[in-house]
Amino acid sequence: DTAVSQTPKYLVTQMGNDKSIKCEQNLGHDTMYWYKQDSKKFLKIMFSYNNKELIINETVPNRFSPKSPDKAHLNLHINSLELGDSAVYFCASSPPGLAGTSTDTQYFGPGTRLTVL
Amino acid sequence: SQKIEQNSEALNIQEGKTATLTCNYTNYSPAYLQWYRQDPGRGPVFLLLIRENEKEKRKERLKVTFDTTLKQSLFHITASQPADSATYLCALGNTGGFKTIFGAGTRLFVKA
């Protein structure tokens, strides 16, 4: 009965490859997020989606393309992987607030450790 | 630019003592502030949220204060236990949600 799940947990790949990370939440939340946590442990927001629509895109390179087929899923596809993409990627979701907003109390997945060689 | 600062050095305390962690921020007027706990190899877990019009909030052994004049929050764990050892992240957000800014976290070690 995992609330927010991500696959895979580990991903090791060569520079230049294309890869995807999947995220699913069974909490019935409207808002989902992708975060990147680098080696210095800073957790930086990449994307926010609300009801399958993109709300926030934090100047992420367009090699990163999120896709939300439905409210329970937010997948992250990365093209032409670079060494600097190595990090842990976290998916999260949050319950709805008033009038289409988010409460911003977030429930995180276990993370996907991406290593680009 | 918006900045959140947490003690970058680890905090080491003895079991039973009170741990106090600090979060300072600049160039931001958050509607609320949150604290999360992160264990190695896991995602952050929400602990407490305090709003801009609240001074203090408690939950079991946890207490959070929020001073919007000083732009600072203090996070206290009373009667600390070795199981409290983890990294604690401070996070800021605004009404409407969708974008939360996290600090780098403070690592807490509680020795038995």
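Notes on the structure in this doc start here. (Residues numbered from 1 in each chain as written. Chains lettered and ligands numbered in written order. Predicted model: local features only at pLDDT ≥ 70, side-chain atom pairs only at ≥ 80, totals over all residues. Heavy atoms only, no water.)

A contiguous patch of positive charge on the surface is contributed by Lys9, Lys41 and Arg113 of chain A together with Arg42 and Arg107 of chain B. On the secondary structure map, Arg107 of chain B appears in strand 11 (residues 106-111). (Patch = residues over 30% accessible without salt bridge, like charges linked within 9 Å, V, L, I, M, F, W, Y side chains within 5 Å. Areas by Shrake-Rupley, 256 points an atom, 1.4 Å probe, with all protein chains shown as cover. Salt bridge = Lys/Arg side-chain N within 4 Å of Asp/Glu carboxyl O. Lys, Arg positive; Asp, Glu negative; His and termini not counted. Charge placed at Lys NZ, Arg CZ, Asp CG, Glu CD. Helix = DSSP H or I, 4+ residues; strand = E, 2+ residues; numbered from the N terminus.)

Quick look at the nonpolar core now. If you look at the biggest cluster of nonpolar residues, it comprises 24 residues, and the most contacted ones within it are Leu33, Trp35, Phe75 and Tyr88 of chain B. Listing elements by their share of this core, those giving two or more residues are strand 3 (19-26), strand 4 (32-38), strand 5 (45-51), strand 7 (62-67), strand 8 (72-77), strand 9 (86-93) and strand 11 of chain B. (Core = buried A, V, L, I, M, F, W, Y, C linked by side-chain atoms within 4.5 Å. Buried < 20%, exposed > 50% of the residue type's maximum accessible area, 1.4 Å probe, protein only.)

Look at the link from Thr7 of chain A to Pro8 of chain A: it is a cis peptide, with omega at -5 degrees. Along the chain, Pro8 of chain A turns up in the loop between strand 1 (4-7) and strand 2 (10-13). Unusually for a residue other than glycine, Glu60 of chain B sits at a positive phi of about 55 degrees. As for its placement among the helices and strands, Glu60 of chain B is situated in the loop between strand 6 (56-59) and strand 7. A relative accessible area of 79% places Glu60 of chain B in the exposed class.

In this section: the interface of chain A and chain B. Counting from both sides, the interface comprises 26 residues of chain A and, opposite them, 20 residues of chain B. Each partner contributes to the roughly 1,700 Å² buried at the junction of chain A and chain B, and carbon and sulfur atoms together form 56% of this total. At the junction of chain A with chain B, the criterion picks out 1 salt bridge. Glu58 of chain A is the salt-bridge partner of Lys99 of chain B, the closest N and O atoms lying 3.2 Å from each other. Summed over the shared surface of chain A and chain B, the number is 5 residue pairs in polar contact (both at pLDDT 80 or more). Among the elements of the structure, strand 4 (31-37), strand 5 (43-50) and strand 6 (53-57) of chain A are those that each provide at least two residues to the side of chain A that touches chain B. (Contact = heavy atoms within 4.5 Å. Buried area = accessible area lost by both parts, 1.4 Å probe. Polar contact = N/O pair within 3.5 Å; in protein donor to acceptor, adjacent residues only side chain to side chain.)

The subject of this paragraph is empty space enclosed by the protein. Residues and elements named next belong to chain A. All told, the structure shown has 1 cavity of 30 Å³ or more when counted by the stated rule. As for the largest cavity, its lining consists of Asp30, Thr31, Met32, Tyr49, Asn51, Lys52, Ser68, Asp70, Lys71, His73 and Leu74. Residues of the lining of the largest cavity, tallied by class, amount to 3 nonpolar, 4 polar and 4 charged. (1 Å grid on protein atoms, 1.4 Å probe; cavity = no way out; pocket = protein on both sides within 12 Å on 5 of 7 lines; lining within 4 Å. Points joined across faces, edges and corners; volume = space filled by probe spheres on them. Nonpolar A, V, L, I, M, F, W, Y, C, P; charged D, E, K, R; others polar.)

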